[in-house]
Structures are given as C-alpha cells and as structure tokens.
Amino acid sequence: MDALIAENIQLFKKQLSDHVTLVAVSKTKPVEDIREAYEAGHRDFGENRIQEMVDKHEELPKDIRWHMIGHVQNNKIKYMASFVNMVHGMDKPKRFKELDKEAAKHDRVIDCLLQVHIAEEESKFGFDYNEAWAFLEDKPTEKYPNLRVRGLMGMATLTDDQARIRNEFKGLRQFYDKVRTELSLKDFNILSMGMSGDYQWAVDEGSNMVRIGSAIFGKRQ
Ligand SMILES: *Cc1c(COP(=O)(O)O)cnc(C)c1O
C-alpha cells in the first residue's frame, strides 16, 4: 500500500546496532501493512490484543515471530499458546502458571519477559522491583518447564521529561544487570524497552529490544 513502511524498516535496521532486536508494532494496522514489512525482510511483529494477533497470524506467513506486548488476560492465553513467540506483558505470577499450562498442551516452550512497572502512572501493569526479584529468585524456569524467562520489559512514563524517562530506563537496566549477575538464570538476556518516542534513550541505557509502532507504520487512529 505504502512503500514508506519498507523504507522505515530499512532505516531502523540501519540505525539500530545488530544486538538490538526490532519488534515492529502493528497493532490496529491492516495485514497489508504487515505484509509490506514482511516483504522487506522483517519477521518480528508486536500486537497488544490477543484476538487481533490470532486473526493476523491466521492470514499471514507462518514464519512471522509474534510478540504479545499488551496486557494479557488468563482466559485468552489459550488462543495464542500454539504460535506466540514471545510474551512481553507477564505482569503477575498467575500469568506464568497459565501460560506454562497452555504451552504444555502444545508441547512448546514459550519465551516470555517479566513486565516491570517503572513508570509514574498508576495504570500501567507489571511487577514492582521487589516482586520481580522475589519471583526470579524463586527459580521460575524450574517451576514452569514450558516457559523460558528471557528477560524484562518496561515502559517509561508518558512525559516530555527526558531526564525522567532516561532514569526509569536506567533503573530497569541496573535491575537487569543485578539479576544477571546475582541469579544467573539460563537464557536471561533480553531487555525490552523503548518505543517510537523514546527508543534512542532506551538503547543508550542498554535496551536490546525495541518495540516500534507509529514510527514505522504511521500514526494510529
Ligand atoms: C503500542 C505499543 C508500543 C509502540 O508504540 P509506538 O509509540 O507506536 O512506537 C510499544 N510497546 C507497547 C507495550 C505498546 O502497547
């Protein structure tokens, strides 16, 4: 439809260093837009609603790696367990239990990230640092054999205050480093932070996975 999408994908790939994974956030966008990015060679796409991701998965090539980046409800996990590649929004211990159970039914091991609440806003989901530490200390990989806890995901406060955003990212990076050195969990090596408006700061602060929507696909309605 719009050749700009392929161009934007190329620009991001050129700009981001190799160790930073680009998740193209296609929520609310039509499958044609995803197809265009796909044809430009892109494979990692993020959606924030399970039903929408399921519908798009059915229509699109099966080698796409789908990332669930939005809030996850336990009663919808079963719809994505057969194909989802990575679940970023794991915000409570009960999410892990349910995703593990559904992954087992499909004989899969699903990658997931702990969502940590780093923003000021009350409305955002996630573990706080103490809860996240307690959860990770408790050896989740042994408890949930059908999950791989790959790292952390965080969203900064929606604000123009750059120093504040950077500080929130820095805090999550420090926590990530501490988990890696002190708990040495297997395959725990992903730090998902940064969106269209703040990804440069996130990368500066150590992000190795960015979730970019509007800067690739254009504004959402
Ligand atoms: C929508 C969304 C994004 C992408 O937002 P943009 O500002 O469009 O890049 C990233 N992460 C999450 C969790 C989102 O819901």
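Each chain has its residues counted from 1, running along the sequence as written. Note on the predicted model: pLDDT of at least 70 is required for a residue's local features to be given, and 80 or more for side-chain atom pairs to be given and counted; whole-chain, interface and lining totals, by contrast, use all residues. The basis for the side-chain values is all heavy atoms of the structure; hydrogens and waters are excluded.

Counting from the N terminus, the helices are DSSP H or I runs at least four residues long and the strands are E runs at least two residues long. Per the secondary structure count, the chain includes 10 helices and 8 strands. Structurally, the chain occupies a C-alpha span of about 50 × 45 × 30 Å along its principal axes. To sort residues, take the accessible area from a 1.4 Å probe on protein chains only and compare it with the maximum for the residue type: under 20% means buried, over 50% means exposed, and anything in between is partly exposed. Buried residues in the chain amount to 50% of all 221 residues. Here the accessible surface of atoms and residues is derived via Shrake-Rupley with a 1.4 Å probe, and residues count as covered only by protein chains that are part of the display. Accessible surface computed for the chain: about 10,800 Å², of which carbon and sulfur atoms make up 46%. This count recognises Lys and Arg as positive and Asp and Glu as negative, with His and chain-terminal groups excluded. By convention, the charge on Lys lies at NZ, on Arg at CZ, on Asp at CG and on Glu at CD. For the chain, the separation between the mean place of its 34 positive charges and that of its 37 negative charges on side chains is 2 Å.

Before going further, it helps to examine the pattern of salt bridges. Whenever a carboxyl oxygen of Asp or Glu lies within 4 Å of a side-chain nitrogen of Lys or Arg, that contact is scored as a salt bridge. Tallied over the full model, the rule gives 19 salt bridges. Salt-bridge contacts for Asp63 lead to Arg43; the nearest nitrogen and oxygen are separated by 3.2 Å. Separated by 20 residues along the polypeptide, Asp63 in the loop between helix H3 (50-59) and strand E3 (65-68) and Arg43 in the loop between helix H2 (31-39) and strand E2 (44-47) bring together distant segments of the chain. The partner of Glu205 in a salt bridge is Lys170, with the nearest N and O atoms 3.3 Å apart.

Our focus in this paragraph is the site of the ligand. Nearness is defined per residue: one heavy atom within 4 Å of the molecule or strand is enough. Around the ligand, a shell composed of Val25, Lys27, Ile69, Met153, Met155, Met195, Ser196, Arg211, Ile212, Gly213, Ser214 and Arg220 is seen. Polar contacts, as used here, are pairs of N or O atoms within 3.5 Å; protein pairs need one atom able to donate a hydrogen and one able to accept it. Residues neighboring in sequence count only if both atoms are side-chain atoms. The contact in question runs from an oxygen atom of the ligand to an N or O atom on the side chain of Lys27, over 2.7 Å. In the model, an oxygen atom of the ligand is placed 2.8 Å from a nitrogen or oxygen of the Ser214 main chain. Burial of the ligand by the protein chains amounts to 90% of its free accessible area of 380 Å². When the residues that make up the shell around the ligand are grouped by side-chain class, the tally is 6 nonpolar, 3 polar and 3 charged. Under the grouping applied here, Gly and all other residues not named as nonpolar or charged are polar, the nonpolar ones being Ala, Val, Leu, Ile, Met, Phe, Trp, Tyr, Cys and Pro and the charged ones Asp, Glu, Lys and Arg.

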